[in-house]
Amino acid sequence: MNDETTGAEDSTRDFIRDIVREDLGAGRHTSVVTRFPPEPNGYLHIGHAKSICLNFGVAQEFGGRCHLRFDDTNPTREEQEFVEAIKEDVSWLGFDWGEHLYYASDYFEQLYQWAEGLIEAGKAYVDDLPVDEMRAYRGTLTEAGRNSPYRDREAAENLALFRAMRAGEFPDGARVLRAKIDMAAGNMNMRDPVLYRILHSPHPRTGTDWCIYPNYDFAHGQSDAIEAITHSLCTLEFADHRPLYEWLLESIDAPARPKQYEFSRLNLSHAALSKRRLTQLVEEGRVSGWDDPRLPTISGLRRRGVPAAAIRDFISRLAITKSDGLVEMAMLEHCIRELLNVEAPRRMAVLRPLKVVIENYPDGEGEMLVAQNHPGNPDMGSREVPFSRELYIERDDFMEDPPKKFFRLGPGREVRLRYAYFITCQEIIKDASGEVVELRCTYDPETRGGNAPDGRKVKGTIHWVSAAHAVGAEVRLYENLFNSEEPPGGDEFLADLNPASLETLPQAWLEPDLATLAPGQTVQFERLGYFCRDLGEATVFNRTLGLRDSWAKIKGKG
RNA sequence: UGGGGCGUAGCCAAGUGGUAAGGCAUCGGGUUUUGAUCCCGUGAUCGCAGGUUCGAUCCCUGCCGCCCCAACCA
């Protein structure tokens, strides 16, 4: 992988980097420490890439470090498989946490001790209210909540109860530990938030050691403090939690006082970027898995053939702000094409084959023609491509009754076969149903390589593959998974699924050189787009992205 | 009707009391053995209304709109 571009230039400026720069300059910190804190309950997607690039990027740029910390406080929905996938994805994106791999579960004992301290200080209490009751007591957005009848228990009783909770003396949901703050607070998060709940569920890392687990608010900030995180960067929806984050750090007399800053999350058009939706798509089998190439997951993009550098570049063009918007998929596509245009070697492949017989080319003979691996970059060298009497060309490159603006093959028309010869269509052969099944053409031996000695020009150049030498493959074409820029909410987003998001072409013909292409390697099929050999199925090629197609626009206009 | 956040071209955005960077998209044009690439060119009464000022997108006031919060999720 080419890691020349990290996507995080030193010139990058945004309000967070300004704060870091200012903090460092004022001597509030000697170095920056950030963290990327995923919950291992799903795969990472491109939205996470924004956070990863920000956190690791800031650390890199300011000579600090970034921790990878799993926020594994809910054993009922987290799995080891996700931990492994997340580590792989972060690494693949090009970031290194070094020795700094942590788990919130590593801090469970410390967290528990802090909770006892809170109880002793009269800042937390055990509440016996059932969930629905607690909800009713919480009030609404416009009405203050009421104090729980258990709110004024003595510290000693709370302590005994909390210890009994830990000892497993109560069933799930029987009691919780709550912070004692203010049931009338405008900020709902301050209305005596739950800190611990009973969950008789084995944890992937701590096994059955615990049956009470801290929730996000009592784990995140504390973990940040334990790791001496200086800048805790999260998305906007946590802004309301900041007062609680600070209240808790203050109340437990934390070993460090990290500061939380919020930025807007990434929204991408024509895609689903919420964990809930992605999980649903995967679990309901709407896609083939977390790494389905149509998904905006990191593993899906990788399988699709998108280079990590393109993702980093895309993220670097996004600004870190607090305004939430919807970034057009076209932006991502541009970054992918821009990178692949430079790096992808060129090859020829015919996706929807139409047979062509060169009548004046000697039967049973053949020759090797030289093709550039990248017309714009001679350093990438050239290769030889076999040519013979029978070829395949793209069906779209022939029209029986072509409009004036169509530059490709038609009855009596002459075109150039890329890196080969000029050919002229002499005859069309159709089957019983009238479908064109074969073209009989003649070639001009004088045009070998693609230029005519007499200086005559042709309007079009088309790609081809020698039938006898071609390698067969299945090619999968992908389109946006959703029709709408912004799929509707609820389960209605399923109705917006694009039925044409995957088109499988069972019998495509590739130039022989492609037989040796490594899995995951992306090349350009000339005039068609960027494709890569699938990471799993060797005979499958995935289309990363098509080339920009101005002909489609002309054609579309009629 | 409570709390928090945000409103600069179709999209992402920079910017600042002195009259609006850049990228993407779009639409024109040029080059081209990929209708690709590349190269040129193309768009803004800065949410609205008042006010302060010689002058406001930037300051003040009011209004409007959008997003988030009432899980023992994160």
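Predicted model only: the values in this text are computed from it and were never measured. (Residues numbered from 1 in each chain as written. Chains lettered and ligands numbered in written order. Predicted model: local features only at pLDDT ≥ 70, side-chain atom pairs only at ≥ 80, totals over all residues. Heavy atoms only, no water.)

Caption draft 1: Examining the sheet that holds strand 24 (residues 529-533) more closely. Taken in spatial order, the seven strands of this open sheet run 10-23-24-25-21-22-11, and their pairing is mixed. A strand with exactly one partner marks an edge of an open sheet, and here the two such strands are strand 10 (346-347) and strand 11 (349-350). Relative to strand 23 (residues 522-525), strand 10 is paired through two bridges, and the arrangement is parallel. Residue Arg 347 lies in a different strand from strand 23, and its bridge partner there is Phe 525. Here helix 12 (residues 329-343) sits on the sheet in contact with strand 10, strand 23, strand 24 and strand 25 (540-546), set at roughly 110° to strand 25. (Pairing = 2+ DSSP bridges. Helix = DSSP H or I, 4+ residues; strand = E, 2+ residues; numbered from the N terminus. Contact = heavy atoms within 4.5 Å. Axes fitted to C-alpha atoms, helices over the stretch in contact; angles between N-to-C directions.)

Caption draft 2: Spotlight on the confidence of the model for chain A. For chain A, mean pLDDT is 96; residues scoring 70 or higher make up 98% of the total. Here the prediction assigns the complex a pTM of 0.96, and the interface score ipTM is 0.97. (pLDDT = per-residue confidence, 0-100.)

Caption draft 3: Main features of the packing of aromatic side chains. If you walk through the whole model with that rule in mind, you get 22 aromatic pairs. Ring geometry for Tyr 112 and Phe 162: centres 4.9 Å apart, planes at 10°, overall stacked. Of this pair, Tyr 112 sits in helix 4 (residues 108-120) while Phe 162 is found in helix 6 (residues 155-166), placing the two residues 50 residues apart along the sequence. For the pair formed by Tyr 112 and Phe 162, the shared burial category is buried. Among the aromatic residues, ring-to-ring pairing joins Phe 108, Tyr 112, Phe 162, Tyr 196, Trp 210, Tyr 213 and Phe 218 into one connected group. Above the plane of the ring of Tyr 137 lies Arg 146, whose end atom (NZ or CZ) is 4.2 Å from the centre. Its guanidinium or amino end placed over the ring of Phe 170, Arg 175 lies 4.1 Å from that ring's centre, counting from NZ or CZ. (Phe/Tyr/Trp six-rings, centres within 6.5 Å; stacked < 30°, edge-to-face > 60°. Buried < 20%, exposed > 50% of the residue type's maximum accessible area, 1.4 Å probe, protein only. Lys NZ or Arg CZ within 6 Å of the ring centre and 35° of its normal.)

Caption draft 4: Local environment of unusual backbone geometry. Of note in the backbone geometry, Ala 228 takes a positive phi value of approximately 55° without being a glycine. Locating Ala 228 in the fold gives a position in the loop between helix 7 (216-226) and strand 8 (231-235). On the basis of relative accessible area, Ala 228 is assigned to the partly exposed category, the value being 36%. Phi is positive for Arg 527, close to 70°, though the residue is something other than glycine. Among the secondary structure elements, Arg 527 is positioned in the loop between strand 23 and strand 24. Taking relative accessible area as the criterion, Arg 527 reaches 33% and is therefore assigned partly exposed.

Caption draft 5: Representation of helix 2 (residues 46-61) in the model. Taking 1.5 Å of rise per residue, the 16 residues of helix 2 would be expected to cover 22 Å, and the 21 Å separating its terminal C-alpha atoms lies within 8% of that figure. With 15 of 16 residues buried, helix 2 lies mostly within the body of the structure. Downstream of helix 2 by a residue or two, Gly 63 has a phi angle that is positive, lying close to 65°. (Expected span 1.5 Å × (residues − 1).)

Caption draft 6: How the structure looks around helix 12. With 15 residues, helix 12 ought to run about 21 Å at 1.5 Å a step, and its terminal C-alpha atoms sit 21 Å apart, in line with that. Those residues of helix 12 that fall on the buried side of the exposure criterion are Met 329, Leu 332, Cys 335, Ile 336, Leu 339 and Leu 340. Summarising the axial view, the buried residues of helix 12 lie within an arc of 130°, below the 170-degree limit, and thus occupy one face. (Arc of directions from axis to C-beta.)

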